[in-house]
Amino acid sequence: MRQQFKMATDDDAIFYFCEDGFIHEEVAIYEMWRFYNRIYELSGQHLVIHPQEHENLYKESYGPCYLFLSDFRHWRSVSDATHVIFTHSFVVKKYWRYFKNTKYVGEYNKRRLGSERRTTNRLFRHLPCFAPIPALAGHLQATHLLPPFFDWRALWNESAPDR
């Protein structure tokens, strides 16, 4: 995880940092790029995109929350996301202090130091983070992690090799 983030500090580009276990809509990268670019053009400010929303956004009082409409879907501001993010390398360089401890994600005894709450979620004190509605991706790790309004089974079936 940390190696991916570190790699971005040597570049000047938009990056999509993604873990395994995610299934994506075919248009995911394009739509994230379009939304990012549009908000950047309008505000002159970098942002962060998380490709899926979580069910807990609908179960708990969550706010404040802002909604934007793009050419393709709505985007909701969030302050809780996984390390799967779409952002510019400038963000990683400027806020490296929030990325450096992701090195602990794989260490059993220290993994809490690399948790999102202690690392990348702290970005959202400085930059907005948005998740698409409906989601552009879903994490297939566990049923409760799948975003609502996301037909992952159809995507799975479409990507299955012909038998």
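Below: a short report on this structure. (Residues numbered from 1 in each chain as written. Predicted model: local features only at pLDDT ≥ 70, side-chain atom pairs only at ≥ 80, totals over all residues. Heavy atoms only, no water.)

**Some remarks on a nonpolar patch on the surface**
Phase 1 of the analysis: A surface patch of nonpolar side chains, amounting to about 380 Å² of accessible area, comprises I14, Y30, W33 and F72.
Phase 2 of the analysis: Summarising the element assignment, W33 is placed in helix α2 (residues 28-43).
Phase 3 of the analysis: W33 gets classed as partly exposed once you look at its relative accessible area, which sits at 39%. (Patch = residues over 30% accessible without salt bridge, like charges linked within 9 Å, V, L, I, M, F, W, Y side chains within 5 Å. Areas by Shrake-Rupley, 256 points an atom, 1.4 Å probe, with all protein chains shown as cover. Salt bridge = Lys/Arg side-chain N within 4 Å of Asp/Glu carboxyl O. Helix = DSSP H or I, 4+ residues; strand = E, 2+ residues; numbered from the N terminus. Buried < 20%, exposed > 50% of the residue type's maximum accessible area, 1.4 Å probe, protein only.)

**Structural notes on the side chain of E53**
Phase 1 of the analysis: Mapped onto the secondary structure, E53 falls in the loop between β3 (48-49) and α3 (56-59).
Phase 2 of the analysis: This buried residue, E53, is left without a salt bridge; R76 holds the nearest opposite charge, at 4.8 Å.
Phase 3 of the analysis: Leaving out residues up to four positions away in the same chain, E53 has contacts with Y58, A131, P132, I133, A135, P147, P148 and F149. (Lys, Arg positive; Asp, Glu negative; His and termini not counted. Contact = heavy atoms within 4.5 Å.)

**What to know about the packing of aromatic side chains**
Phase 1 of the analysis: Under the defined criterion, the tally for this structure stands at twelve aromatic pairs.
Phase 2 of the analysis: Here F35 and F130 contribute two aromatic rings whose centre-to-centre distance is 5.3 Å and whose plane-to-plane angle is 80 degrees, an arrangement assigned as edge-to-face. Of this pair, F35 sits in helix α2 while F130 sits in strand β7 (residues 129-133); the two residues are 95 residues apart in sequence, bridging distant segments of the chain. Both residues of the pair, F35 and F130, count as buried.
Phase 3 of the analysis: Site record: aromatic cluster; members linked through ring pairs are F5, F15, F17, W96 and F99.
Phase 4 of the analysis: Above the face of the W96 ring, K6 is positioned so that its terminal group lies 5.1 Å from the ring centre. (Phe/Tyr/Trp six-rings, centres within 6.5 Å; stacked < 30°, edge-to-face > 60°. Lys NZ or Arg CZ within 6 Å of the ring centre and 35° of its normal.)

**Considering α2**
Because each turn of an α-helix spans 3.6 residues, side chains separated by three or four positions end up pointing in the same direction.
Phase 1 of the analysis: The end-to-end C-alpha distance of α2, which contains 16 residues, comes to 22 Å, matching closely the 22 Å that a straight helix rising 1.5 Å per residue would cover.
Phase 2 of the analysis: Considered for burial, the residues of α2 that qualify are A28, E31, M32, F35, Y36 and I39. Looking straight down α2, one finds that the buried residues subtend no more than 130 degrees of arc, so they occupy a single side. (Expected span 1.5 Å × (residues − 1). Arc of directions from axis to C-beta.)

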